[in-house]
Every structure is written in C-alpha cells, then in structure tokens.
Amino acid sequence: MKILLIFPRLEHGVTTYRDRNSAFAKLFSNPYLSLSQVAACTPPGHEIRIIDENHEKIDFDEPWDLVGITSLTMLAPRAYRIADEFRAKGVKVVLGGYHPTAMPEEAKEHADAVVIGEAEEVWPQLIKDAERGKLKPFYKGPHVDMSRVPFPKRELMSFHPLTEGIQATRGCPNACEFCSTTVFLGRALRRRPIEQVVEELKQIPNKIIIFRDASLTLNPAYSMELFKAIKPLNKRWIANGNINLLGKNEKFLKAAREAGCISWFVGFESINPSSLKEAHKVSNRAEDYERAIKVVRNQGMGIVGGFIFGFDNDTPEIFDTTLETVTGWDIDAAEFNILTPYPGTPIYYRYDEEGRILTKDWTKYTQAHVVYQPKNMTPKELLDGTKKVIRGFYSFEQMMKRMYGSLKVHKFAPYAFSLPGINVAMWRYYKREFFDADDREKIPPYS
Ligand code: B12
Ligand code: SF4
C-alpha cells in the first residue's frame, strides 16, 4: 500500500507555518516523534511518506491507499478538514494522537478508523485490515512494553531541525489535574532498556538532543544509569525534570551535567501553594523553588520554567506577585500559559460538569486564549494579567540580564547560546500570539 502520514499545518508556536523552511525554523523547531514512530511500526512491504504540512504542501490528488493524520487538540479542526478532503476522494483515513484519543467519537466522524492511545501494538493489525478492505472503526492501543518500541524512522522526515528528539520513558505517576500525559500514557513509568536508548542515540547525527519524556527525574536510579551510559556519546541534551528531585539531589545533577545536560525544563506551574495543591502538583513546594534553582545552577545547568495562570485559587494578585518573584530568580527563560482544560484531562471533565467551558472551538486550545470561566477573576483579567507578566519578564532589560547569566553558567560554550536563543524564540512567539492580535486575525485561511 501507499501510506501517507501527515502532521497538520500550525499557525501557533515558537515557529509556525509562516516560518516554513527559514533558518529560524531550523534553529527553533521542536523535534517530535509521533509520525516517525508510527512509520516505524508499519510492517515491511509498504511505501510510506511523511508530510509535515508546516514545511510541505499536501497534494490531495496523489493516489494514496491510506492516510494517517496526527492531531493534538488545537490541530483537530485542520486535521478533520484534511481528512474530509481525502475521504471525499475515496481515500481511507486514520486519525491518531492525543485529541482523537480523548475524543474518539468526534474524530470518527472524519475518519474511517481512529487509533486510541499508542500505535505500536495496533498499527500493524490496522495495516493488515486496511489491505483487506476491513478497517475497524476503533483500535485501542495499549500502553506498550518499551523494549518493543522500534527506533523512529527519522529518515522519512523531510525537515530536520538542529535538535533531535528521543524518548527513554513513557508515563508519569504524578497525574496533575490539567495534564494530558498521565491520561494518555498512564501512571506507571515505563522504561526503555538503556542499551536501546544508547543505540538509538548513536544513530542520531545531531549534537543537541531533547528528551521527549514527561520527566527524567521520576526514577532517579534509572536516569543515573542512563546518564552514565550516554556520557561517552558526548551529546548535549535538554530534558524535563521535577523540582523536588532537582533541588536536592546533587549527585544526580552532577551525573546529568557530566552526561551533557544543558538545561532542565521545570513545570513550576504556580508560586501559589493553594493552586499547586488544587492541581495535585505533588512534586512541587513553592517555598523551595528559589533555593532549588540555585542548586541546579551551581551544578552548571540552566532552568527553563513553565507557569500556568488561572487556577481556581488564583486571584488577580497572582500576576504581580509572580512577576516580582520570578524576575528575582536565576532562571534562563520561562513559558507563561493560560490554564487550558484539554479534553480527556480531569480538569476538562470537572469544568464541563460545572458548566464553565466557554468554547469547544479547539483552535483556541493553545494556552494563549481563555476557554473557560475562571473562578476568582474574569476571562479578561486572566488574559491581561498573563500579558502583563510576559511583558515584564520579556522586557529588554530582563532578557539581557538572563542571557548573560545563561552564558556564564556554561562558561560561554557554543551550545550555551541555545538558552539565550530560547528567550528570543519565546519573545517572538509571545509577541505574535498575545500582542499582535490584529495580525493574528489577518492570517489567511487554510488553503
Ligand atoms: C514534541 C511535542 C510538541 C511539538 C510537536 C507536536 C507533536 N506532534 O507532538 C510541538 C513543539 C510543535 C508541540 C506543540 C504543542 N504542544 Co506539545 N508536546 C510534545 C511532546 C513533548 C512530545 C510529543 C512526542 O513526540 N511524543 C513521542 C511520540 C512517539 O508519542 P506521540 O506523539 O504520543 O505518538 C504516539 C501516539 O500518540 C500515536 N499517534 C500519534 N499520532 C498518530 C497518528 C496516527 C495516524 C496514528 C495511527 C497514531 C498516532 O502513536 C504514537 C506512537 O505510539 C508531548 C508530551 C509527550 N511526552 O508526549 C507534548 C504534548 C503533546 N504537547 C501538548 C501541548 C499542550 C502543546 C501546545 C498546545 C503547547 C503550546 N502552548 O503551544 C502546542 C500545540 C501545537 C499543536 N501541534 O497542536 C500536550 C498535548 C495536549 C493536547 N491534548 O493537545 C502534551 C501532551 C504535553 C502535555 N503534557 O500537556 N508539542
Ligand atoms: S505536569 Fe508533569 S508532573 Fe504533572 S502529570 Fe504532567 S508530566 Fe507529570
């Protein structure tokens, strides 16, 4: 069969469709494994092509036997439009990824089959069924045994950013109320055999790697072994980590640094202890943040923080307090997101039950729009407050201060420039997403 896998076009994020194949996109595109991983699960004997619509146009007239489309929530409307167009031409379409998993019945209206969950165990059977013209409506992919995850077929990706992604584990036991990860990948931390991760890393030519794991601090013993094994490869890497471990385990930090860690992405989420409790963010204690950041930086690594505004325990004061606190820390960059109840998450069901979801227009589920009724402020206060924090944190003066700090931590090594780079990329994203709203409205409709 001729199989086409598609990542739909995106007008949101650090790089967008409009950046296409520019040097900026090459530098800042965030690597993902979804489609190269599905391709790797395809039994031999089929022709597969991957089109990332952000970099290539889809030719709807080419004769494909099967089209598979991946979709996060905000991409669902575009994914559905692509699906409808192929199906109108008689091509069989399969939808998969986070959004179709959360809303399989909705996705099924636009597809011949929906893969719910991970593809590894069910995709080979789906391909056989498609060959026989006997596709089932739904394929429920179990949480796969990580030793059976094949290496992604990265060679099928036509656009290769400067960084490459890899996954050592799947799952997260923390189950924060707002997060899609535990719902999708489960609470058990499934680990890949370390020799497989090392072998895959050896095959990746890129120097800078981003671990696409929920967190590399969930099983410190496994991660320490991984660090020891990847050290000789002399890669530089970035990973997600939880602050409870990073803030106290210097042995862990030292091993990570020696294995090439440039920086950690840490979901601080909130400086408000009540909001952390509300979100079940069990790994975080706001009162420990500042000290923990110092511990990580003293070990020679950077920290990029993630913050969310709009929890039920947040009042309008949260914005000024956060800005004042965070600009006093030595962090390298930060993301400020508006709480977004993604379908499938516990918070989505809670808000839906409470009648607080303001829109189910998935294109607005970007974390830059307010899509629900906050409890202790108005939607406008939430949006304006988030903008205020972004404006303050990404002021010219603050950016310069942070950039110098980042370079100093890494003694001005060439890879250290990736951290100031994140500031530039984030500022560009925020400018477009929050401040050039008129421009955003002028984006031409999808063609
Ligand atoms: C890399 C990444 C990105 C990349 C690429 C997007 C992408 N395709 O995943 C970029 C930077 C663009 C991105 C952006 C965003 N992301 Co993101 N991202 C990730 C991340 C870290 C890794 C994804 C990955 O490569 N996983 C590894 C692969 C192998 O797993 P997978 O993608 O789940 O694919 C498997 C299955 O889903 C399935 N599958 C997937 N697609 C398909 C298609 C078919 C046809 C089939 C059969 C099966 C199938 O099979 C695969 C193998 O089992 C995840 C977190 C995570 N660890 O998963 C968040 C995550 C997916 N992102 C998330 C969010 C919120 C966003 C943003 C909204 C953030 C923002 N504020 O801008 C944007 C949205 C952009 C968009 N495209 O909609 C959420 C998803 C929420 C949701 N329900 O949509 C996640 C889960 C993070 C989180 N915990 O909240 N992201
Ligand atoms: S936010 Fe982080 S710690 Fe919480 S469930 Fe998601 S991945 Fe796990």
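Right above here is the structure, for reference.
All values reported here derive from a predicted model rather than from experimental measurement.

Definitions and limits used
Residues numbered from 1 in each chain as written. Chains lettered and ligands numbered in written order. Predicted model: local features only at pLDDT ≥ 70, side-chain atom pairs only at ≥ 80, totals over all residues. Pairing = 2+ DSSP bridges. Helix = DSSP H or I, 4+ residues; strand = E, 2+ residues; numbered from the N terminus. Axes fitted to C-alpha atoms, helices over the stretch in contact; angles between N-to-C directions. Contact = placed C-beta atoms within 7 Å. Buried ≥ 20, exposed ≤ 12 C-beta atoms within 10 Å, placed from the backbone. Arc of directions from axis to C-beta.

**Some words on the sheet that holds strand 4 (residues 92–96)**
Then, in step 1: Here six strands make up an open sheet; going across it, the order is 2-1-3-4-5-6 and the pairing parallel. Two strands close off the open sheet at either side, each with one partner strand: strand 2 (47–52) and strand 6 (138–141). Neighbour-to-neighbour, the strand axes of the sheet open up by a mean angle of 20 degrees, direction not taken into account.
Then, in step 2: With five bridges joining them, strand 3 (residues 66–70) and strand 4 adopt parallel strand pairing. In the strand pairing of strand 4, T70 is matched with G96.
Then, in step 3: Of the strands in this sheet, strand 1 (2–7), strand 3 and strand 4 are in contact with helix 3 (residues 76–88), which crosses strand 4 at around 165 degrees.
Then, in step 4: Its contacts with the sheet place helix 6 (residues 123–131) against strand 3, strand 4, strand 5 (113–117) and strand 6, and it is angled at close to 170 degrees to strand 5.

**Some thoughts on the sheet that holds strand 13 (residues 302–309)**
Then, in step 1: On the basis of which strands lie adjacent, the open sheet formed by six strands has the order 7-10-11-12-13-14 and parallel pairing. One side of each edge strand has no neighbouring strand; the edge strands of this open sheet are strand 7 (163–166) and strand 14 (333–338). Here the average twist between neighbouring strands, direction ignored, is 20 degrees.
Then, in step 2: Strand direction decides the pairing type here: strand 10 (residues 208–211) and strand 11 (residues 236–240), joined by three bridges, are parallel.

**Some thoughts on helix 15 (residues 346–353)**
Then, in step 1: Taken together, the buried positions of helix 15 are I347, Y348 and Y351. End-on, the buried residues of helix 15 take up no more than an arc of 105 degrees, which puts them together on one face.
Then, in step 2: Count one or two residues on from helix 15 and you reach G355, which has phi positive near 65 degrees.

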